[in-house]
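What follows is the residue order along each chain.
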Amino acid sequence: MWSVLNQCADVVEDEASRIDAENRKVYFASGRAPIDYDILLYSVGSTQASDRIPVGAFALRDAASASRIQARLSQLDKGAAVSIIGGGLTGIELSAEVAERYPQLQVRLVSRGVIADSLSGSGRHAVRKRLSAMGVEMVENTDVQRCDIWSVTTSGGDTLPSDCTIWAAGFGTPALARESGLPTDAEGRLMVDESLSCSQYPEIFGAGDAVRVPDSVAGHLRMSCAAALPLGAHAADSIIARLAKQTPDALSAGYALRCISLGRRSGFIQAVTADDRPRPLVVRGRLAGLAKEQICRMTLSWLKGELRRSGSYKWPKGPLPTEAR
Ligand SMILES: Cc1cc2nc3c(=O)[nH]c(=O)nc-3n(C[C@H](O)[C@H](O)[C@H](O)COP(=O)(O)OP(=O)(O)OC[C@H]3O[C@@H](n4cnc5c(N)ncnc54)[C@H](O)[C@@H]3O)c2cc1C
């Protein structure tokens, strides 16, 4: 990845602590001299909101936090309980990976609602069947109130023993835009228009999880790699259009597939409409696992492809904008 980036940009490794949009400067947490910009792309992504993670639970944020979880799991005795909180796609993938890698541990997936509720009926059934076959206990319609290093307490007052609790519920966006006085929504996402430019500061563009695009073109998009890639590519097109003194186009991005890995050797793929509604076509098992792995690898090759030929990355178009439907 670094070799790809270094071929196309000067890379500054630091944390941006403030954007001064009036004077077009970015300040850094390390205290290094601020840098000026003519065009700024805001794409700080999302992370697990620290204030929502109970003390005693492990966060799953990045490679370093994954290593801490791995270290804890490998210390546990046979039969120790591992609780994964959050029955969405992250919790499902994590449960399957832990159950497969550490078959001697008791893995429990706890969800506030129904596990895999964003999938079709048959999709939900297939995922649950696979988790069950891997020995994952599924606890649904259960809110976790608090946890410590030995247990999880539900809002119903039940205490479940837990030797390792991993939080996979609730993502938030960094506060950088809000703290810099830029226009944001209630969750702190930078507000941009249909072309991904910030109306108040047209030299600022945004892409990925950290921006709020109008519902007319992005009401169907959720925080995901599958949305962040097209948003990033569209933001680049909009910036190129702006530099050429042309009017940038409105975003059009949609989905085609939802891909879930269920351990290293299995997966589940659900075909979806451009606006992310499940379609009848599903692929299960080994083939789906291989396809998911390939799709993850392809994200890097798409980036490399862009270096060789700008505009080579293509993505599924979105549904018609709401006012045109
Ligand atoms: C465990 C897990 C599994 C996932 N699986 C899938 C999946 O299967 N399919 C899917 O579609 N999506 C998946 N996602 C979601 C996907 O990873 C994100 O939606 C996507 O990465 C968002 O891209 P982004 O560019 O907006 O942000 P990110 O990829 O989060 O990148 C943001 C970058 O900005 C940096 N940054 C943040 N703040 C600052 C700052 N102040 N200064 C400097 N740098 C900063 C961050 O360090 C990071 O490098 C998964 C996410 C997780 C956590």
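Participant: A description of the overall build of the chain should follow, citing residues and the corresponding values.
Facilitator: In terms of regular secondary structure, the chain is built from eight helices and 20 strands. The globule rule puts the C-alpha radius of gyration for 325 residues at 20 Å, and the 21 Å found for the chain is close to it. With respect to the principal axes defined by its C-alpha atoms, the chain has extents near 65 × 45 × 40 Å. Burial analysis of the chain (325 residues in total) assigns 42% to the buried set. A separation threshold of at least 6 residues defines the contact pool for the chain, and within that pool the share at least 24 residues apart is 55%.

Participant: Break down the site of the ligand for me, citing the residues and quoting the values.
Facilitator: Neighbouring the ligand are 19 residues, the closest being A16, D209, S224, C225 and K292. Residue S224 places a main-chain N or O atom 3.2 Å away from an oxygen atom belonging to the ligand. In the model, an oxygen atom of the ligand is placed 3.0 Å from a nitrogen or oxygen of the A226 main chain. Sorting elements by how many residues they give to the shell around the ligand places helix 7 (residues 225-243) first, with three residues.

Participant: Explain the domain arrangement of the chain to me, using residue names and the numbers behind them.
Facilitator: Each domain of the chain was delimited in the assignment, giving domain 1 (1-34), domain 2 (50-167) and domain 3 (173-252). Each of domain 1 and domain 2 was reduced to a C-alpha centroid, and the two centroids are 36 Å apart.

Participant: Give a detailed account of the pattern of salt bridges, specifying residues and quantitative values.
Facilitator: Considering all chains together, one arrives at 18 salt bridges under this definition. Note that R32 is salt-bridged to D14, the shortest N-O span being 2.9 Å. Highlighted residues: R32 in the loop between strand 2 (25-28) and strand 3 (35-36) and D14 in the loop between helix 1 (2-8) and strand 1 (16-20), separated in sequence by 18 residues. For D14, a relative accessible area of 29% corresponds to the partly exposed category. Among the ionic pairs, K292 bridges to E93, the shortest N-O distance being 3.1 Å. With a gap of 199 residues between them, K292 in helix 8 (residues 285-308) and E93 in helix 3 (residues 89-101) connect regions that are remote in the sequence. Relative accessible area serves as the criterion here: at 16%, K292 is assigned to the buried category. The exposure class of E93 is partly exposed, given its relative accessible area of 21%. Three or more residues are tied together by salt bridges with common partners; here these are D185, E187, R189, R212 and D215.

Participant: Mind laying out unusual backbone geometry, listing which residues take part and the relevant values?
Facilitator: Notably, L196 is not glycine yet its phi reads approximately 80°, a positive angle. Structurally, L196 can be placed in the loop between strand 15 (190-191) and strand 16 (204-206). Exposure remark for L196: the relative accessible area of 0% places this residue in the buried category. Despite not being glycine, K245 shows a phi value in the positive range, around 60°. Its place among the elements puts K245 in the loop between helix 7 and strand 18 (257-261).

Participant: So, the sheet that holds strand 7 (residues 81-85): which residues are in play, and what are the values?
Facilitator: Pairing between the strands of a sheet comes from backbone hydrogen bonds, and it takes one of two forms, parallel or antiparallel. If you walk across this open sheet you meet the five strands as 6-13-7-8-9, and the pairing is parallel. The open sheet has two free edges, formed respectively by strand 6 (58-59) and strand 9 (137-139), since each of these has just one partner strand. Pairing geometry for strand 8 (residues 106-110) and strand 9, over three bridges, is parallel. Within the sheet, the bridge partner assigned to R108 lies in strand 9 and is E137.

Participant: Outline the layout of surface pockets, listing residues and values.
Facilitator: Taken as a whole, the second largest pocket encloses approximately 270 Å³ of empty space. Of all elements in the fold, only strand 17 (211-212), helix 6 (215-218) and helix 7 reach the threshold of two or more residues within the lining of the second largest pocket. Considering every element that reaches the lining of the second largest pocket, the biggest residue donor is helix 7, with three residues. Tallied by class, the residues present in the lining of the second largest pocket amount to eight nonpolar, three polar and five charged.

Participant: Tell me about the nonpolar core, residues and numbers included.
Facilitator: Membership of the largest hydrophobic core comes to 33 residues, with the highest contact counts inside it found for Y42, L182, L190, I204, V213, L231 and L251. When residues of this core are traced back to their parent elements, those giving at least two are strand 2, strand 4 (40-42), helix 5 (176-179), helix 6 and helix 7. Counting residues per element, this core draws most heavily on helix 7, which supplies four residues. Composition of this core by domain shows at least three residues from each of domain 1 (1-34) and domain 3 (173-252).

Participant: Lay out the packing of helix 3 against helix 4 (residues 121-133) in plain terms, naming residues and giving numbers.
Facilitator: Interaxial distance between helix 3 and helix 4 falls to 10 Å at its minimum, and their mutual angle equals 25°. In terms of axis orientation, helix 3 runs roughly parallel to helix 4. Along this stretch, helix 3 crosses helix 4, giving a crossing that reads as left-handed. Side by side, helix 3 and helix 4 meet where I92, S95, A96 and E100 of the first sit next to V127, R130 and L131 of the second. Within the contact of helix 3 with helix 4, the residues separate by chemical class into four nonpolar, one polar and two charged.

So, how was this worked out
- Residues numbered from 1 in each chain as written.
- Predicted model: local features only at pLDDT ≥ 70, side-chain atom pairs only at ≥ 80, totals over all residues.
- Heavy atoms only, no water.
- Helix = DSSP H or I, 4+ residues; strand = E, 2+ residues; numbered from the N terminus.
- Rg over C-alpha atoms; globule rule 2.2 N^0.38 Å.
- Buried < 20%, exposed > 50% of the residue type's maximum accessible area, 1.4 Å probe, protein only.
- Contact = heavy atoms within 4.5 Å.
- Near = heavy atom within 4 Å.
- Polar contact = N/O pair within 3.5 Å; in protein donor to acceptor, adjacent residues only side chain to side chain.
- Domains from an automatic or database assignment.
- Salt bridge = Lys/Arg side-chain N within 4 Å of Asp/Glu carboxyl O.
- Pairing = 2+ DSSP bridges.
- 1 Å grid on protein atoms, 1.4 Å probe; cavity = no way out; pocket = protein on both sides within 12 Å on 5 of 7 lines; lining within 4 Å.
- Points joined across faces, edges and corners; volume = space filled by probe spheres on them.
- Nonpolar A, V, L, I, M, F, W, Y, C, P; charged D, E, K, R; others polar.
- Core = buried A, V, L, I, M, F, W, Y, C linked by side-chain atoms within 4.5 Å.
- Axes fitted to C-alpha atoms, helices over the stretch in contact; angles between N-to-C directions.
- Parallel < 35°, antiparallel > 145°, perpendicular 65-115°, else oblique.
- Left-handed = near helix turned anticlockwise from the far one by under 90°.

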